[in-house]
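Coordinates in review
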Amino acid sequence: MTQFLHAAIRAMVPLLALLASLLAALLAPDSGVALTIYTLSAFLLLLGLIDVLQNGNAVIRNYPVAGHIRFLGYRLRPFLRQYIVEDDLEGTPLSFEARNLVKARAKGDTDTHPFGSERAMDADGYVWVSHSIAPVADPDTDPRVRVGGDQCRQPYEASLLNVSAMSFGALSARAIEALNLGAAKGGFYQDTGEGGLSDYHLRHGGDLVWELGSGYFGARDRQGRFDPESFRDKAQRESVRMTEIKLSQGAKPGHGGLLPAAKVTDEIAAVRQVPAHRDCLSPRGHSAFSTPVGLLEFAARMRDLSGGKPVGIKLCVGQPHEVMALMKAMLKTGIRLDFIIVDGAEGGTGAAPLELSDWVGMPLKEGLAVVRNALEGSGLRRHVRLAASGKVYSGMGIAHNLAVGADWCNAARAFMFSVGCIQSKRCHLGTCPTGVATQDPWRQAGLVPGVQGERAARFHRKTIEALVGITAACGLTHPADLQPHHLAIRTGPAEAKPLDELQHFLPEGILLEDPQSTQYAEFWEAADPDTFAPRIDLTERRVSIDERNTGLFT
């Protein structure tokens with residue numbers, strides 16, 4: 001009896017539907033209401049029967065019809081949490097505050113905040129900028145940085161905020177076009193991502209940085225190898241201002257790229273020079289080089305083929321000795337990169353294995369410091385520009401990275417928000433509701449490039465204005481003057497320190513003169529310009545943090 005009762009409770013929904021049909025048949029068998037009840041009951045009974053007979057899901061089998069409520073809640077959970085449950089500052093990957101700030105600036109709405117800060121200023125890790133009692137009245141309102149040294153014939157004046165690498169394919173054609181229009185109107189560059197150079201990148205004449213990944217999309221032969229002729233023809237276009245070699249991406253370092261088959265349309269396949277409607281994979285590593293010296297020789301070749309335009313690399317920092325090996329290779333060959341972009345592990349992606357996104361790669365704060373110290377310690381900092389990308393969406397984010405050592409910043413998700421993204425996190429399924437990260441023509445139709453391009457430019461302008469405001473408050477004229485001591489970080493309820501007391505910032509040339517005095521001693525010794533493998537056994541040579549009384553990231 002008890003088992004029968006429990007079974008009846010589990011099947012309550014279809015049983016209630018049956019009961020409702022019987023009552024309707026008794027009380028008003030020929031009414032319109034009864035017909036509606038019959039139809040609904042038949043649907044629920046049929047669904048209940050299917051649920052009981054299926055064997056793919058235990059919950060639905062044991063709780064026919066009612067079990068579907070769980071899955072409805074499961075599907076709605078991310079949206080309910082984002083719009084109703086989460087605090088303004090706690091949402092991930094980017095908080096409601098971040099998304100709302102970008103939207104307000106993009107649309108031209110007020111971006112001021114009433115009644116004071118909502119941040120916990122007594123919490124560990126809280127960062128503030130140390131302002132001056134004598135702010136500057138007329139700071140540089142259009143701050144830029146020149147990229148390209150004496151080995152470059154066509155240097156580029158870059159904005160301090162630009163569109164980070166996002167490929168045609170990962171983003172829709174309309175999103176790419178809108179971002180390019182924004183770049184043209186706002187005077188900043190758009191990084192193509194590794195998916196090739198499409199007509200949508202070129203439609204409005206916005207400045208471009210053409211990124212080449214390990215798949216060499218848009219500049220490859222039939223075997224997937226680098227094709228110098230194809231590269232030269234595209235790289236010498238006027239709108240291509242710089243070229244970039246992608247070594248790794250923060251969200252999935254060491255994995256290569258992945259564009260799901262649903263997004264590989266005929267058009268995208270033609271741009272990438274790959275088969276249509278199949279998963280498009282980038283190899284884990286490059287075939288054009290395998291050593292630090294080989295990388296520099298390939299970069300020099302790209303610079304020459306492009307007509308002398310700046311060439312750089314993008315990487316998520318992993319093992320520090322490999323960064324040091326690049327420094328040694330530049331010193332050995334005399335070939336210098338024009339820029340290095342450090343992509344933090346917190347960076348975004350359209351699709352990546354969860355383990356790689358969560359646990360592999362160095363976050364931006366630490367990775368940027370490693371590359372800054374490698375360049376400064378090897379005496380190369382004055383020749384090589386340094387950029388940062390990873391959750392940048394505000395003037396404060398840019399100011400923080402510049403104080404650590406960056407010359408400019410790139411942002412991806414912030415610019416996606418500016419053209420309509422609502423962080424629905426459907427990028428990998430091709431079902432983006434705003435048309436930003438999908439190849440579905442119907443979904444793309446909602447995105448109007450002329451409108452969204454204006455918004456991307458407005459977001460850029462307002463964010464740079466915020467950065468300029470911070471710079472002026474510090475008593476400085478140009479954001480490049482920001483230094484580590486301008487940032488203070490709380491380390492406890494009653495203690496805070498300037499950043500340069502919490503992290504080591506190497507003086508120029510110290511790795512050449514006295515590497516043993518630095519926390520990078522073993523990594524510098526292990527670095528070999530002719531291989532990315534360590535030249536010594538780091539397991540044996542590494543000294544414990546307790547013995548050295550210092551850490552790599554402190």
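- If you check an unreviewed UniProt entry, the chain appears there as Ferredoxin-dependent glutamate synthase from Imhoffiella purpurea.
- What UniProt records for the chain under Sequence similarities (unreviewed entry) is the sentence "Belongs to the glutamate synthase family."

**Some thoughts on the sheet that holds strand S14 (residues 487–492)**
- Reading across the sheet, the 3 strands line up as S1-S14-S15 and stay open at both edges, with antiparallel pairing between neighbours. Each having just a single partner strand, strand S1 (127–129) and strand S15 (495–498) make up the two edges of the open sheet. Taking the axes of each pair of neighbouring strands and ignoring which way they run, one obtains an average angle of 30° across the sheet.

**Some remarks on the environment of Ala-170**
- Looking at the secondary structure, you find Ala-170 in the loop between strand S4 (161–163) and helix H7 (173–186).
- Judged by relative accessible area, Ala-170 falls into the partly exposed class, the value being 27%.
- Counting along the chain gives 96 residues from Ala-170 to Asp-266, while the straight-line C-alpha distance between them is 14 Å.
- With sequence-adjacent residues up to four places away left out, Ala-170 is seen in contact with Leu-259, Lys-263, Arg-272 and Ala-437.

**Description of the domain arrangement of the chain**
- Along its sequence, the chain is organised into domain 1 (1–79) and domain 2 (144–500).
- For domain 1 and domain 2, the distance between their C-alpha centres works out to 52 Å.

**Comments concerning the packing of helix H6 (residues 96–107) against helix H18 (residues 449–473)**
- At a closest axis distance of 7 Å, the pairing of H6 and H18 adopts a crossing angle of 110°. It follows from the interaxial angle that H6 and H18 lie roughly perpendicular. At the point where H6 passes H18, the crossing takes the right-handed sense. Touching Val-102, Arg-105, Ala-106 and Lys-107 of H6 are Arg-455, Arg-458, Phe-459, Lys-462, Thr-463 and Ala-466, all from H18.
- Its residues placed into classes, the contact of H6 with H18 shows 4 nonpolar, 1 polar and 5 charged.

**As for a nonpolar patch on the surface**
- Taken together, the side chains of Leu-5, Ile-9, Met-12, Leu-16, Leu-19, Leu-23, Leu-26 and Leu-27 make up a nonpolar region of the molecular surface, amounting to roughly 850 Å² of accessible area.
- Elements that contribute at least two residues to the nonpolar patch include exactly helix H1 (2–10) and helix H2 (12–27).
- Considering each element in turn, the nonpolar patch owes the most residues, 6 residues, to H2.
- For Leu-16, a relative accessible area of 48% translates into the label partly exposed.

Parameters and conventions
- Residues numbered from 1 in each chain as written.
- Predicted model: local features only at pLDDT ≥ 70, side-chain atom pairs only at ≥ 80, totals over all residues.
- Heavy atoms only, no water.
- UniProt positions renumbered as here; feature names shortened; annotations may be inferred.
- Pairing = 2+ DSSP bridges.
- Helix = DSSP H or I, 4+ residues; strand = E, 2+ residues; numbered from the N terminus.
- Axes fitted to C-alpha atoms, helices over the stretch in contact; angles between N-to-C directions.
- Buried < 20%, exposed > 50% of the residue type's maximum accessible area, 1.4 Å probe, protein only.
- Contact = heavy atoms within 4.5 Å.
- Domains from an automatic or database assignment.
- Parallel < 35°, antiparallel > 145°, perpendicular 65-115°, else oblique.
- Left-handed = near helix turned anticlockwise from the far one by under 90°.
- Nonpolar A, V, L, I, M, F, W, Y, C, P; charged D, E, K, R; others polar.
- Patch = residues over 30% accessible without salt bridge, like charges linked within 9 Å, V, L, I, M, F, W, Y side chains within 5 Å.
- Areas by Shrake-Rupley, 256 points an atom, 1.4 Å probe, with all protein chains shown as cover.
- Salt bridge = Lys/Arg side-chain N within 4 Å of Asp/Glu carboxyl O.

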